[in-house]
Amino acid sequence: MEQSECEVPGRRIVQPDSLFERCSWFYALCREYLFRDHTPEILQALFPEDRPAPGTRLLELGCGPGFYACRLSEELRSLQTTGIDLSHKLIERATSRARSLRLPNCNFQHADAHHLPYDSDSIDAIVVSRLFLIVPDKEGIVSEIFRVLKPEGRCFIAEPTSGFRTRFPLAVMWLLSRLTTSPAGKYREPQQADVMSRPDFETLVKSQEWGSMELKYDGWYQYAVCRKGLL
Ligand SMILES: C[S@@+](CC[C@H](N)C(=O)[O-])C[C@H]1O[C@@H](n2cnc3c(N)ncnc32)[C@H](O)[C@@H]1O
């Protein structure tokens, strides 16, 4: 488990250093019951023509409790899906979700989206949902997505746009951590989720030279569907 130590006279307290580790159960509830399910849009964006060939490799970055990795692996059994996340507890939840849904084509790995443990040009498709709200180096992650995608590989990015609804879960996680830890823990997440403006989202996505790119917006979300060009 990712941990940090905290000195208190007479005792040593070991705490997880991520709110998603400490409050994994709360985030899993939010994901299940509060947030939108974009599975149909993701399927349409990533595989618009044919069903993917057996062994098509799909990554979900910052997969949390594995909601999309499992939904997509369930819809398309030919996919070989890996969800990555920094929270060990969420990876455990995701793994047991895939096991109980009997999805041998879906697995999870502890990894940092800033440094993907995959070869360049090796992944067919990538899904990123609500990750850029909390990471320190957004452009670094987009550059990693571009690096590992195969030529003509696609990625789907969904980021919320509504301030209050988006910030609510992280704010509650901070509150829960303060109520249940003494002294208050130090966590890597920002105090407030960074909801990107349209221009900032567009600039972020355009930081790589995609072969093609489409940006979409609705009341609550902004989306990017990007395809890497041929080398
Ligand atoms: C706001 S949640 C989004 C979870 C899920 N994608 C969803 O749609 O609900 C962000 C997730 O990203 C994970 N995370 C944060 N920084 C990360 C990083 N650098 N690499 C991988 N995962 C990260 C957190 O542990 C958390 O599970």
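Here, the structure is the one placed above.
Right, let's walk through the structure included here. Everything quoted here is computed from the prediction, not taken from an experiment.

## Considering the overall build of the protein chain
Step number 1: Of regular secondary structure, the protein chain possesses 8 helices and 9 strands.
Step number 2: Here the C-alpha radius of gyration of the protein chain, 18 Å, is about what a compact globule of 231 residues would show, namely 17 Å.
Step number 3: In the protein chain, the proportion of contacts linking residues at least 24 apart, taken out of those at least 6 apart, comes to 73%.
Step number 4: Of the roughly 11300 Å² that the protein chain leaves accessible, carbon and sulfur atoms contribute 51%.
Step number 5: In the protein chain, which carries 29 positive and 31 negative side-chain charges, the distance between the mean positions of the two groups comes to 5 Å.

## A closer look at the environment of L90
Step number 1: Inspection of the secondary structure puts L90 in helix α5 (residues 88–100).
Step number 2: Distance in space between the C-alpha atoms of L90 and Y217 is 29 Å, their sequence separation being 127 residues.

## Structural notes on the site of the ligand
Step number 1: Near the ligand there are 20 residues, and of these Y27, G62, D85, D112 and S129 occur at the shortest range.
Step number 2: With respect to the ligand, the side chain of R31 contributes an N or O atom lying 2.8 Å from an oxygen atom.
Step number 3: In isolation the ligand offers 600 Å² of accessible surface; the protein chains occlude 97% of this area.
Step number 4: The residue makeup of the shell around the ligand, split by class, is 10 nonpolar, 5 polar and 5 charged.

## Thoughts on the pattern of salt bridges
Step number 1: Applying the stated criterion across every chain yields a total of 11 salt bridges.
Step number 2: Here K206 ties to E202 by a salt bridge, and the two come within 2.7 Å at their closest N and O atoms.
Step number 3: Note on E202: relative accessible area 28%, which makes it partly exposed.
Step number 4: Each of D37, R71 and E75 takes part in a single network of salt bridges with overlapping partners.

## Things to note about the side chain of Q208
Step number 1: Here Q208 shows up in the loop between α8 (198–205) and β8 (212–217).
Step number 2: Classification of Q208 by relative accessible area gives buried; the value is 18%.
Step number 3: Not counting the four nearest positions on each side in its chain, Q208 is found in contact with V142, S143 and F146.

## Observations concerning the packing of helix α2 (residues 24–33) against helix α7 (residues 163–180)
Step number 1: Here α2 crosses α7 at 160 degrees, and the two axes come no closer than 10 Å. Taken together, the axis directions place α2 and α7 in an arrangement best described as roughly antiparallel. When you trace α2 past α7, the crossing you get is right-handed. The segment α2 lies against α7, with W25, F26, Y27 and C30 engaging P169, V172, M173 and L176.

## Considerations on a nonpolar patch on the surface
Step number 1: There is a patch of nonpolar side chains on the surface, built from W25, L29 and Y33 and spanning about 380 Å² of accessible area.
Step number 2: With respect to the helices and strands, the residue L29 is situated in helix α2.

## Description of the sheet that holds strand β5 (residues 106–110)
Step number 1: Spatial strand order, β5-β4-β3-β6-β7-β9-β8: 7 strands in an open sheet with mixed pairing. This sheet does not close on itself; its edge strands, each paired only once, are β5 and β8. The sheet shows a mean angle of 15 degrees between the axes of neighbouring strands, direction not considered.
Step number 2: Note that strand β4 (residues 79–85) and β5 share 5 bridges and pair parallel. Residue pairing across strands places D85 opposite H110, the latter belonging to β5.
Step number 3: Strands in contact with α5 are β4 and β5; relative to β5, the strand with the most contacts, it is inclined by about 170 degrees.

Cut-offs used in this document
- Residues numbered from 1 in each chain as written.
- Predicted model: local features only at pLDDT ≥ 70, side-chain atom pairs only at ≥ 80, totals over all residues.
- Heavy atoms only, no water.
- Helix = DSSP H or I, 4+ residues; strand = E, 2+ residues; numbered from the N terminus.
- Rg over C-alpha atoms; globule rule 2.2 N^0.38 Å.
- Contact = heavy atoms within 4.5 Å.
- Areas by Shrake-Rupley, 256 points an atom, 1.4 Å probe, with all protein chains shown as cover.
- Lys, Arg positive; Asp, Glu negative; His and termini not counted.
- Charge placed at Lys NZ, Arg CZ, Asp CG, Glu CD.
- Near = heavy atom within 4 Å.
- Polar contact = N/O pair within 3.5 Å; in protein donor to acceptor, adjacent residues only side chain to side chain.
- Nonpolar A, V, L, I, M, F, W, Y, C, P; charged D, E, K, R; others polar.
- Salt bridge = Lys/Arg side-chain N within 4 Å of Asp/Glu carboxyl O.
- Buried < 20%, exposed > 50% of the residue type's maximum accessible area, 1.4 Å probe, protein only.
- Axes fitted to C-alpha atoms, helices over the stretch in contact; angles between N-to-C directions.
- Parallel < 35°, antiparallel > 145°, perpendicular 65-115°, else oblique.
- Left-handed = near helix turned anticlockwise from the far one by under 90°.
- Patch = residues over 30% accessible without salt bridge, like charges linked within 9 Å, V, L, I, M, F, W, Y side chains within 5 Å.
- Pairing = 2+ DSSP bridges.

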